[in-house]
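Topology and contacts: notes
Chain by chain, the residues:
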Amino acid sequence: KYAPDMYFNAVQFRLVAWKFSWQLLSESNSFLFGIGPANAQPALNKKYSDVNMYIGKNINVIVAYLNFNAHHQFVQSFLQSGICGLLVLLCMLYFFLREGVLQKNRMLLYASVLICPFFLSESVLEG
(Lines give C-alpha, C1' and ligand atoms only; values in the text may rest on other atoms or scores of the structure.)
Protein backbone atom coordinates (compact mmCIF):
# COMPACT_ATOMS: atom_id res chain seq x y z
CA LYS A 1 0.00 0.00 0.00
CA TYR A 2 1.16 3.48 -0.82
CA ALA A 3 0.50 6.88 0.69
CA PRO A 4 1.29 10.38 -0.58
CA ASP A 5 3.75 10.90 2.27
CA MET A 6 5.81 7.78 1.47
CA TYR A 7 9.40 8.50 0.47
CA PHE A 8 11.15 6.28 -2.05
CA ASN A 9 14.89 6.33 -2.49
CA ALA A 10 16.26 5.72 -5.99
CA VAL A 11 16.35 1.93 -5.68
CA GLN A 12 12.90 1.68 -4.09
CA PHE A 13 11.35 3.88 -6.74
CA ARG A 14 12.92 1.88 -9.56
CA LEU A 15 11.55 -1.34 -8.08
CA VAL A 16 8.08 0.21 -7.82
CA ALA A 17 8.26 1.51 -11.41
CA TRP A 18 9.37 -1.91 -12.70
CA LYS A 19 6.55 -3.58 -10.78
CA PHE A 20 4.02 -1.13 -12.24
CA SER A 21 5.42 -1.69 -15.73
CA TRP A 22 4.90 -5.43 -15.36
CA GLN A 23 1.38 -4.86 -13.98
CA LEU A 24 0.47 -2.58 -16.90
CA LEU A 25 1.61 -5.22 -19.38
CA SER A 26 -0.28 -7.91 -17.48
CA GLU A 27 -3.49 -5.89 -17.20
CA SER A 28 -3.53 -5.10 -20.91
CA ASN A 29 -2.15 -8.50 -21.96
CA SER A 30 0.35 -6.68 -24.18
CA PHE A 31 3.47 -8.75 -23.68
CA LEU A 32 4.15 -9.24 -27.39
CA PHE A 33 3.90 -5.65 -28.65
CA GLY A 34 3.75 -3.57 -25.45
CA ILE A 35 1.36 -0.73 -24.72
CA GLY A 36 2.99 1.68 -27.17
CA PRO A 37 5.52 4.48 -26.76
CA ALA A 38 2.80 7.14 -26.67
CA ASN A 39 0.80 5.28 -24.02
CA ALA A 40 3.58 4.19 -21.64
CA GLN A 41 4.09 7.42 -19.69
CA PRO A 42 0.39 8.30 -19.34
CA ALA A 43 -0.25 4.72 -18.15
CA LEU A 44 2.54 4.95 -15.57
CA ASN A 45 1.23 8.35 -14.43
CA LYS A 46 -2.26 6.92 -14.01
CA LYS A 47 -0.83 3.98 -12.05
CA TYR A 48 1.06 6.35 -9.72
CA SER A 49 -2.14 8.31 -9.18
CA ASP A 50 -4.34 5.22 -8.73
CA VAL A 51 -2.16 3.75 -5.97
CA ASN A 52 -2.09 7.07 -4.12
CA MET A 53 1.58 7.94 -4.61
CA TYR A 54 2.52 11.60 -4.23
CA ILE A 55 1.66 13.41 -7.44
CA GLY A 56 1.67 16.96 -6.12
CA LYS A 57 -1.09 19.37 -5.22
CA ASN A 58 -2.13 20.20 -8.78
CA ILE A 59 -2.33 17.24 -11.15
CA ASN A 60 -1.71 19.54 -14.15
CA VAL A 61 1.71 20.59 -12.83
CA ILE A 62 4.64 18.26 -13.41
CA VAL A 63 5.77 17.47 -9.87
CA ALA A 64 6.53 14.58 -7.57
CA TYR A 65 6.41 11.12 -9.18
CA LEU A 66 4.45 12.16 -12.25
CA ASN A 67 6.31 11.67 -15.53
CA PHE A 68 8.94 9.38 -14.01
CA ASN A 69 9.61 6.54 -16.43
CA ALA A 70 10.79 3.03 -15.58
CA HIS A 71 14.43 4.12 -15.10
CA HIS A 72 15.67 0.94 -16.81
CA GLN A 73 16.01 0.91 -20.57
CA PHE A 74 15.21 -2.77 -20.95
CA VAL A 75 12.05 -2.49 -18.82
CA GLN A 76 11.04 0.73 -20.58
CA SER A 77 11.49 -0.89 -24.01
CA PHE A 78 9.53 -3.94 -22.86
CA LEU A 79 6.72 -1.72 -21.56
CA GLN A 80 6.57 0.36 -24.73
CA SER A 81 7.22 -2.27 -27.41
CA GLY A 82 6.82 -5.64 -25.72
CA ILE A 83 8.97 -8.67 -26.41
CA CYS A 84 9.42 -7.60 -30.03
CA GLY A 85 10.89 -4.22 -29.09
CA LEU A 86 13.08 -5.71 -26.38
CA LEU A 87 14.46 -8.26 -28.84
CA VAL A 88 15.22 -5.49 -31.34
CA LEU A 89 17.12 -3.56 -28.66
CA LEU A 90 19.08 -6.64 -27.60
CA CYS A 91 19.88 -7.49 -31.23
CA MET A 92 21.15 -3.94 -31.82
CA LEU A 93 23.39 -4.15 -28.75
CA TYR A 94 24.66 -7.56 -29.86
CA PHE A 95 25.35 -6.20 -33.36
CA PHE A 96 27.33 -3.25 -31.99
CA LEU A 97 29.36 -5.48 -29.68
CA ARG A 98 30.02 -8.01 -32.44
CA GLU A 99 31.04 -5.36 -34.96
CA GLY A 100 33.32 -3.74 -32.40
CA VAL A 101 35.11 -7.05 -31.91
CA LEU A 102 35.18 -8.13 -35.57
CA GLN A 103 36.34 -4.76 -36.89
CA LYS A 104 38.69 -4.25 -33.95
CA ASN A 105 37.05 -0.88 -33.45
CA ARG A 106 37.88 0.01 -29.86
CA MET A 107 35.62 3.06 -29.76
CA LEU A 108 32.55 1.08 -30.85
CA LEU A 109 33.41 -1.78 -28.52
CA TYR A 110 34.01 0.46 -25.50
CA ALA A 111 30.87 2.51 -26.16
CA SER A 112 28.80 -0.66 -26.48
CA VAL A 113 30.24 -2.16 -23.31
CA LEU A 114 29.72 1.06 -21.36
CA ILE A 115 26.15 1.66 -22.47
CA CYS A 116 24.90 -1.81 -21.49
CA PRO A 117 25.26 -1.31 -17.70
CA PHE A 118 23.98 2.25 -18.06
CA PHE A 119 20.77 0.82 -19.55
CA LEU A 120 20.26 -1.05 -16.26
CA SER A 121 19.97 2.13 -14.20
CA GLU A 122 18.37 4.63 -16.58
CA SER A 123 16.10 4.84 -19.60
CA VAL A 124 18.82 6.37 -21.74
CA LEU A 125 16.89 6.30 -25.01
CA GLU A 126 14.01 8.30 -23.52
CA GLY A 127 16.07 11.48 -23.30
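Here the structure is shown first, and the text comes after it.
Reference entry: report on the structure contained in this document. In this text the structure is predicted, and so the values were computed from the model without any measurement.

Time to look at the overall build of the chain. Along its length, the chain carries four helices and zero strands. For the chain, the α and β elements follow one another from N to C terminus as α-α-α-α. A principal-axis box enclosing the C-alpha atoms of the chain has dimensions of 55 × 30 × 25 Å. The burial tally for the chain puts 37% of its 127 residues in the buried class. At a minimum sequence separation of 6, the contacts of the chain that also span at least 24 residues come to 64%. When the accessible area of the chain is evaluated, it comes to approximately 7,900 Å², of which 67% is carbon and sulfur surface.

Any two side chains of opposite charge can pair, on the condition that their charged atoms come close. This structure, assessed with the given rule, holds four salt bridges. In this structure, Lys46 and Asp50 form a salt bridge, with 2.9 Å as the shortest nitrogen-oxygen distance. With Lys46 and Asp50 both in helix α2 (residues 37-50) and four residues apart, this pair spans about one turn of that helix.

Let us look at the environment of Tyr94. With respect to the helices and strands, the residue Tyr94 is situated in helix α3 (residues 73-102). The class of Tyr94 is exposed, set by a relative accessible area of 52%. Residues Tyr94 and Ser112 lie 18 residues apart in sequence; the distance between their C-alpha atoms is 8.7 Å.

Here the focus is the packing of aromatic side chains. The final tally for this structure, using the stated rule, is 13 aromatic pairs. The interplanar angle of 75 degrees and the centroid separation of 5.7 Å between the aromatic rings of Phe74 and Phe119 together place this pair among those described as edge-to-face. Pair noted here: Phe74 is in helix α3 and Phe119 is in helix α4 (residues 106-121), with a separation of 45 residues, a long-range link. Each member of the pair Phe74 and Phe119 is classed as buried. Taken together, the ring pairs connect Tyr2, Phe8, Phe13, Phe20, Tyr48, Tyr65 and Phe68 into an aromatic cluster.

What counts and what doesn't
Residues numbered from 1 in each chain as written. Predicted model: local features only at pLDDT ≥ 70, side-chain atom pairs only at ≥ 80, totals over all residues. Heavy atoms only, no water. Helix = DSSP H or I, 4+ residues; strand = E, 2+ residues; numbered from the N terminus. Buried < 20%, exposed > 50% of the residue type's maximum accessible area, 1.4 Å probe, protein only. Contact = heavy atoms within 4.5 Å. Areas by Shrake-Rupley, 256 points an atom, 1.4 Å probe, with all protein chains shown as cover. Salt bridge = Lys/Arg side-chain N within 4 Å of Asp/Glu carboxyl O. Phe/Tyr/Trp six-rings, centres within 6.5 Å; stacked < 30°, edge-to-face > 60°.

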